[in-house]
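# Reading the structure
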Amino acid sequence: MPESYIKRILNARIYDLAVETPLEEAPVLSERLKNTIILKREDLQPVFSFKIRGAYNRLLHLSPEQMNDGVIAASAGNHAQGLALAAKHLGIKATIVMPKTTPAIKVDAVRARDAKVVLVGDTYDEASAHAKTLVESKGLTYIHPYDDPEVIAGQGTVAMEILRQHPGHIDAIFVPVGGGGLCAGIAAYIKYVRPETKVIAVEPEDAACLKAALEKKRRVTLPQVGIFADGVAVAQIGKETYRVIKDTIDDAITVSTDEMCAAIKDIFESTRSIAEPAGACALAGLKKYVEETACEGQTLIAIDSGANTNFDRLRYISERTELGEKREAILAVTLPEKPGAYKTFCRDLGKR
Ligand SMILES: *Cc1c(COP(=O)(O)O)cnc(C)c1O
């Protein structure tokens, strides 16, 4: 089954818009983790995430009529920006439906690429439902953020570049998973061309829709999803992406918010660039893998998938980093509401 994707990936003509991003070693991390740690810098794409690959490849497969009628998507995130830029490049009208609660910075980023923004509802689901009605009433083509073979193939070009840029042995590649488009494309390619290289999916522990599906052996919808890593905050893994991923990946692991924050700092120290939480998710998984398997001397690659974060967010991230690195901890104590309780507490602490 990966074979059909290999052809699509090799035929993806995305390079008049997307760039071949660098594959860079992170020397500080390599030394600390006693393995060769390499980052695939997808944060350096024109829209600061890999989403431009899938969106552009999908648009290139539209019929002339579809191109003429225009496209639509529901997204407040990186897919919206990738699609808006790809559509502008091809002269296609793009409509992006977003919840009314979307921060102005994201609305502006999409408008700046000449896409039409429609603000509807309070949640992504309401925006998405409205987008579907516009598909029917206006004849627009819906461009899915991950559950589409041409989107998956576009994202799969990341793997093609990695193997070309690093012809030597690779022990494992760590991939962040939201709806699974990036992971499906990468895993399909790697398992066909270089099956001995492990592909390891990484999700936040409070948005682990792939892990839940693998455990239940069917797609499930998580009742609740943590939105800290908004790029991968998806409640249900895609249908086509799951079909591909379940037979191609070697493992699926989860990471905490603090671990992602610590990985953002690692990326900063190695590259002086700032990843968004989803962008650092794969590196957090890589670090966990090294810790749990105690491997040494291996060549491990993490996808640095994006850099679209609000500047305000950095304060929170830098605070959490110390916890993620286990250098600092916050302890909470409940004292009984009676005289002398605090004194007893101090005595109990003693010289510590
Ligand atoms: C979309 C996105 C992901 C997850 O990709 P999927 O194809 O949905 O699994 C990871 N990181 C960033 C920065 C993203 O924008």
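As shown above, the structure is provided for reference.
Here is what the cut-offs are and how they apply
- Residues numbered from 1 in each chain as written.
- Predicted model: local features only at pLDDT ≥ 70, side-chain atom pairs only at ≥ 80, totals over all residues.
- Heavy atoms only, no water.
- Helix = DSSP H or I, 4+ residues; strand = E, 2+ residues; numbered from the N terminus.
- Buried < 20%, exposed > 50% of the residue type's maximum accessible area, 1.4 Å probe, protein only.
- Contact = heavy atoms within 4.5 Å.
- Areas by Shrake-Rupley, 256 points an atom, 1.4 Å probe, with all protein chains shown as cover.
- Lys, Arg positive; Asp, Glu negative; His and termini not counted.
- Charge placed at Lys NZ, Arg CZ, Asp CG, Glu CD.
- Pairing = 2+ DSSP bridges.
- Right-handed = clockwise from strand over helix to strand, strands pointing away.
- Patch = residues over 30% accessible without salt bridge, like charges linked within 9 Å, V, L, I, M, F, W, Y side chains within 5 Å.
- Salt bridge = Lys/Arg side-chain N within 4 Å of Asp/Glu carboxyl O.

### A few points about the overall build of the chain
- Helix and strand counts for the chain stand at 15 helices and ten strands.
- With the C-alpha coordinates aligned to their principal axes, the bounding extent of the chain is approximately 80 × 50 × 40 Å.
- Sorting the 352 residues of the chain into buried and exposed places 55% on the buried side.
- Long-range pairs, those at least 24 residues apart, make up 72% of the contacts in the chain between residues at least 6 apart in sequence.
- When the accessible surface of the chain is split by element, carbon and sulfur atoms take 52% of a total near 16300 Å².
- The averaged location of the 47 negative side-chain charges in the chain is 2 Å from the averaged location of its 45 positive side-chain charges.

### Details of the sheet that holds strand E6 (residues 141-142)
- Read across the sheet, four strands follow the order E5-E4-E3-E6 without closing on themselves; strand pairing throughout is parallel. The sheet is open, and its two edges are formed by strand E5 (116-119) and E6, each paired on a single side.

### A short note on the pairing of E5
- The sheet contact formed by strand E4 (residues 94-98) and E5 spans four bridges and is parallel. Paired with Ile96 across the strands is Val117, a residue of E5.
- A crossover links E4 with its parallel partner E5, the connecting element being helix H6 (residues 104-111), and its sense is right-handed.

### Observations regarding the pairing of strand E3 (residues 71-74)
- Of the two faces of E3, the one lined by Val71 and Ala73 and the one lined by Ile72 and Ala74 are each fully buried.
- Relative to E4, E3 runs parallel, the two sharing four bridges. When the bridges of E4 are listed, Ala73 appears paired with Ile96.
- Once you follow E3 into helix H5 (residues 78-90) and on to E4, the crossover reads as right-handed.
- Summarising the sheet, E3 and E6 pair through two bridges and their orientation is parallel.

### Description of a nonpolar patch on the surface
- There is a patch of nonpolar side chains on the surface, built from Val333, Leu335 and Tyr342 and spanning about 310 Å² of accessible area.
- You can call Tyr342 exposed: its relative accessible area is 56%.

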